[in-house]
Amino acid sequence: MSEKSFSIITKKFKNNFLLKRKQFIIDVSHPEDANISKKELQKKLASIYKILDPSTIFLFGFKTHFGGLKSTGLGFIYENLKAARQIEPRYRLKRNGLIEIIKGSSKQRKERKNRSKKTRGIEKQKTKSGK
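Residues numbered from 1 in each chain as written. Predicted model: local features only at pLDDT ≥ 70, side-chain atom pairs only at ≥ 80, totals over all residues. Heavy atoms only, no water.

> Sorry if this is basic, but what is going on with the overall build of the protein here?
When helices and strands are tallied, the protein shows five helices and four strands. Its C-alpha atoms put the protein at 55 × 35 × 25 Å along the principal axes. When the 131 residues of the protein are sorted by exposure, 28% land in the buried category. For the protein, restricting intrachain contacts to residue pairs at least 6 apart in sequence, the fraction spanning at least 24 positions comes to 48%. When the accessible surface of the protein is totalled, it reaches about 9700 Å², and 54% of it is carbon and sulfur. Charged side chains in the protein number 34 positive and 11 negative. The centres of these two groups are separated by 11 Å. (Helix = DSSP H or I, 4+ residues; strand = E, 2+ residues; numbered from the N terminus. Buried < 20%, exposed > 50% of the residue type's maximum accessible area, 1.4 Å probe, protein only. Contact = heavy atoms within 4.5 Å. Areas by Shrake-Rupley, 256 points an atom, 1.4 Å probe, with all protein chains shown as cover. Lys, Arg positive; Asp, Glu negative; His and termini not counted. Charge placed at Lys NZ, Arg CZ, Asp CG, Glu CD.)

Rendered as structure tokens:
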């Protein structure tokens with residue numbers, strides 16, 4: 001495989017101290033390819049901003065412009081993994097490979113839901129966790 005050539009431009013770069021992250025809009029110019037994978041973009045952003053752990057970079061919401069050549073999306077760079085796990089939604093954590101969501105069968109989920117309807121308070125939390 002040949003080396004893919006693409007360029008990255010970040011716009012509206014902002015330090016969000018309360019959420020312990022840097023947030024920005026990312027423009028990716030990729031004239032030779034249809035799209036660029038998020039893993040490649042993470043690696044390139046990590047080298048640009050000198051980040052040791054690329055798993056603290058979350059990229060999402062990419063839209064390819066009409067005719068290709070350019071895509072635009074959003075990105076967050078967290079200070080550490082602890083902050084990312086606290087703030088990011090579970091589906092984005094799963095996309096980045098930071099957690100693994102275990103689902104039972106649909107019948108098990110329905111039974112657990114109906115059991116939790118019959119209980120209140122602390123017992124309800126026990127039935128939801130599957131204990």
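> For this particular structure, what's the right way to read the sheet that holds strand S1 (residues 7–16)?
Either a parallel or an antiparallel arrangement is found when strands of a sheet pair, and the pairing is made through backbone hydrogen bonds. Read across the sheet, four strands follow the order S1-S2-S4-S3 without closing on themselves; strand pairing throughout is antiparallel. Only two strands of the sheet have a single partner each, and these edge strands are S1 and strand S3 (57–64). On average, adjacent strands in this sheet sit at an angle of 20 degrees to one another, irrespective of strand direction. Where S1 meets strand S2 (residues 21–30), eight bridges bridge the pair, whose relative direction is antiparallel. Pairing of asparagine 16 across the sheet is with arginine 21, part of S2. Contacting S1, S2 and S3, helix H1 (residues 38–48) crosses the sheet at an angle of about 125 degrees to S3. (Pairing = 2+ DSSP bridges. Axes fitted to C-alpha atoms, helices over the stretch in contact; angles between N-to-C directions.)

> Sorry if this is basic, but what is going on with the pairing of S2 here?
In terms of burial, S2 is a largely internal element, seven of the ten residues being buried. Here S1 folds back onto S2, and the loop between the two strands holds four residues, one of which, lysine 20, carries a positive phi near 55 degrees.

> What is the right way to look at the pattern of salt bridges in this model?
One side chain can pair with another of opposite charge once the charged atoms of both are near each other. In total, this model carries three salt bridges according to the counting rule given. Residues aspartate 27 and lysine 11 are paired through a salt bridge, measuring 3.2 Å at the closest nitrogen-oxygen approach. Remark: lysine 11 occurs in strand S1 and aspartate 27 occurs in strand S2; sequence separation between them is 16 residues. For the salt bridge of glutamate 88 with arginine 21, the shortest nitrogen-to-oxygen distance reads 4.0 Å. One end of the pair, glutamate 88, is in the loop between helix H2 (81–87) and helix H3 (90–95); the other, arginine 21, is in strand S2, and 67 residues separate them in sequence. (Salt bridge = Lys/Arg side-chain N within 4 Å of Asp/Glu carboxyl O.)

These values are about where atoms sit, not about what they do.
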